[in-house]
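# Breakdown of the fold
Here are the chains, one letter per residue:
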Amino acid sequence: FIIAEAAGGLLVPWNKNETQGDFLKQLGYEVVLVTRTELGTLNHTLLTLEALSKRKIKVKAIFMVGEPHQENRKSLQNLTKSIPIFEIPHFKNMNTSSIDLWLDTDNVKDIFLK
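These lines cover the structure that appears in this document, whether it is placed above or below.

Rules of the game
Residues numbered from 1 in each chain as written. Predicted model: local features only at pLDDT ≥ 70, side-chain atom pairs only at ≥ 80, totals over all residues. Heavy atoms only, no water. Buried < 20%, exposed > 50% of the residue type's maximum accessible area, 1.4 Å probe, protein only. Helix = DSSP H or I, 4+ residues; strand = E, 2+ residues; numbered from the N terminus. Pairing = 2+ DSSP bridges. Right-handed = clockwise from strand over helix to strand, strands pointing away. Phe/Tyr/Trp six-rings, centres within 6.5 Å; stacked < 30°, edge-to-face > 60°.

### Focus on the pairing of strand E1 (residues 31-36)
Taking every second residue as pointing to the same face, the buried face of E1 carries Val31, Leu33 and Thr35, while none of Val32, Val34 and Arg36 on the other face is buried. With 6 bridges joining them, E1 and strand E2 (residues 59-65) adopt parallel strand pairing. Across the sheet, residue leucine 33 finds its bridge partner in E2, namely isoleucine 62. You can see the chain leave E1, run along helix H2 (residues 41-54) and come back into E2, and the turn it takes is right-handed.

### Looking at the pairing of strand E3 (residues 85-88)
Where burial is concerned, the two faces of E3 agree: the one with Ile85 and Glu87 and the one with Phe86 and Ile88 are both buried. Taken together, the 4 bridges between E2 and E3 define a ladder with parallel strand orientation. Among the inter-strand pairings, valine 65 is bridged to a residue of E3, identified as isoleucine 88. In this fold, E2 hands off to helix H3 (residues 70-79), which returns the chain to E3; that crossover is right-handed.

### With respect to the packing of aromatic side chains
Here the structure, examined in full by the defined rule, presents 2 aromatic pairs. On the basis of an interplanar angle of 10 degrees and a centroid distance of 3.9 Å, the ring pair of tryptophan 14 and phenylalanine 23 is categorised as stacked. Residue tryptophan 14 is classed as partly exposed on the basis of its relative accessible area of 43%. Among the residues examined, phenylalanine 23 registers a relative accessible area of 26% and is labelled partly exposed.

Here is the structure:
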């Protein structure tokens with residue numbers, strides 16, 4: 001698999017005529033949508049999912065980054081039943097060991113093996 005970040009969001013210009021969403025569509029890959037857990041994430045995430053759907057880009061998973069917010073996660077899960085949602089904590093020390101522990105604990109690796 002390939003990891004590429006579309007910094008700034010799906011509708012940010014890629015060039016004079018295309019957005020990052022257009023570029024992702026051309027690549028033909030499924031995506032992992034990274035959102036935050038804070039206020040505003042429901043609207044932002046749902047608008048992004050709508051734009052991805054319009055471009056027929058499949059979402060493999062949603063990663064919510066930040067302090068856990070069960071209500072936001074629950075709301076998104078109810079609205080996106082078929083998309084797995086994972087929460088990524090703020091890592092005190094960002095290193096390979098802490099990321100590996102999170103990957104193993106939350107069974108995140110499984111979504112990339114399918």
